[in-house]
Amino acid sequence: MDLRLSDSQLTAREYARRFASDVVGPLADRTDRDRAMPATLLEGVREGGWLGAALPAEWGGSEMDSLAYGLVTEEIGRACSSVRSMLTVHNMASQALVRFGSSEQQARWLPDLCTGRKLIAFALTEPDAGSAASSIRTEARESAGSYVVSGTKVWTTFGLIADLYLVFARFGNKPMALVIERERDGVVIEPMPDVIGTRGSMLARLRLLDVEVPTSHRVGPIGAGISFVANAALDHGRFSVAWGAAGVIRACLDACLAYASKRSQSGQLLSEHQLIRRELTNMLVAHTTSYALCCRAASFRATGNPRAVMETALAKYHAAQAAVRTATDAVRLHGANGTSQDYPVERYMRDAMVLEIIEGTREVLQNSLASYAMQRPYSRS
């Protein structure tokens, strides 16, 4: 695998780095404290074209290749996991339309989704159905040329401000996916602000009270809602989260390097203590390995290799765990200051814990990766 970045990839990373430094970073703490994204930050995300970063140029997106999109996600995730989560959920739901939407659906929604004029949320999880997506209870029944949808979705990222929702329901015993607009009668949106991390992701509970939806809003065939539409979206989400986790690790390392070079203990800078140097080394290794696995996944995705799904899950599994370990160590390295909101490592730790859960929990990925290894002997090639 060629590790050299192309000119376009270098440009994308530098553009994202400046945006993260100048726009996202200064508002990250406020976003976390207020549990909402400031209007100026939201507008900056839209104007920067980040919501269409991975979407086709045909519809107005940037059509970044897999590695460029990953590099962008790492830079933004390094500054603020809540902003990264917006890119993740919007792009993963939009990707489902790119892959499975009809030409009419694509022409209707993708131009606004690529430019950010509209935001789409991914509504899969329910009160009694999380990682076991096949257990969803939201129901769709046909009535006079429309679907009538009833059910409740929870933990819908940026559901408070989304214009569209990619909703997964059951039609009889078969899963299906539909696009539902927020202004439809029977759509009730409630905030879910009390979460441990990514607090600015404006989570919502979505109550669907006999919502009438045109049959033309169904994405993909009946029966393909989970195995194709949802899984394709979740695969993109895992790729984005893996890169975001690498960003959190890098943010922790940066914060610890800065702190250790200024803080003294027993007449020496922390950076001169052997145990502190060991912790910094572990953080460097955590970022390097996570970054390498993310690049490997990007390479498989770029060539359409069938192993791309497994490699993406592997990158997400490793990077999310590494982010939790690194962020926890970063808090400890800061001592009592690490528990204070005056230092960003406290936020990094809370955000990292979320990364192990979203788009497939650690345990779900353990199970799927082990199954893959047993069914097909793992090869280094």
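For the structure itself, look to the data block above.
A short tour of the structure in this document, coming up. (Residues numbered from 1 in each chain as written. Predicted model: local features only at pLDDT ≥ 70, side-chain atom pairs only at ≥ 80, totals over all residues. Heavy atoms only, no water.)

**A word on the side chain of D112**
Structurally, D112 is set in helix α5 (residues 103-115). Residues contacting D112, with those up to four places away along its chain left out, are R117 and K118. (Helix = DSSP H or I, 4+ residues; strand = E, 2+ residues; numbered from the N terminus. Contact = heavy atoms within 4.5 Å.)

**What about the pattern of salt bridges?**
All told, the structure shown has 24 salt bridges when counted by the stated rule. A salt bridge links R17 to E75, with the shortest nitrogen-to-oxygen separation between them at 2.8 Å. Pair noted here: R17 is in helix α1 (residues 7-34) and E75 is in helix α3 (residues 66-79), with a separation of 58 residues, a long-range link. With relative accessibility at 5%, the residue E75 sits in the buried group. Between R207 and E190 there is a salt bridge, with the nearest N and O atoms lying 3.0 Å from each other. With R207 in strand β7 (residues 204-214) and E190 in strand β6 (residues 187-191), this residue pair connects regions lying 17 residues apart in the sequence. R207 sits in the partly exposed class, given a relative accessible area of 31%. Residue classification places E190 among the partly exposed positions, given a relative accessible area of 22%. A single salt-bridge network, built from bridges that share partners, covers R17, E75, R78, R250 and D254. (Salt bridge = Lys/Arg side-chain N within 4 Å of Asp/Glu carboxyl O. Buried < 20%, exposed > 50% of the residue type's maximum accessible area, 1.4 Å probe, protein only.)

**Description of the packing of helix α2 (residues 39-47) against helix α4 (residues 81-100)**
Where α2 meets α4, the axes come as close as 12 Å, and the angle between the chain directions of the two elements is 45°. In terms of orientation, α2 and α4 fall into the oblique class. Seen from above, α2 lies across α4 with right-handed handedness. On α4, the residues touching L41, L42 and V45 of α2 are V83, M86 and L87. Taken together, the residues of the contact of α2 with α4 break down into 6 nonpolar, no polar and no charged. (Axes fitted to C-alpha atoms, helices over the stretch in contact; angles between N-to-C directions. Parallel < 35°, antiparallel > 145°, perpendicular 65-115°, else oblique. Left-handed = near helix turned anticlockwise from the far one by under 90°. Nonpolar A, V, L, I, M, F, W, Y, C, P; charged D, E, K, R; others polar.)

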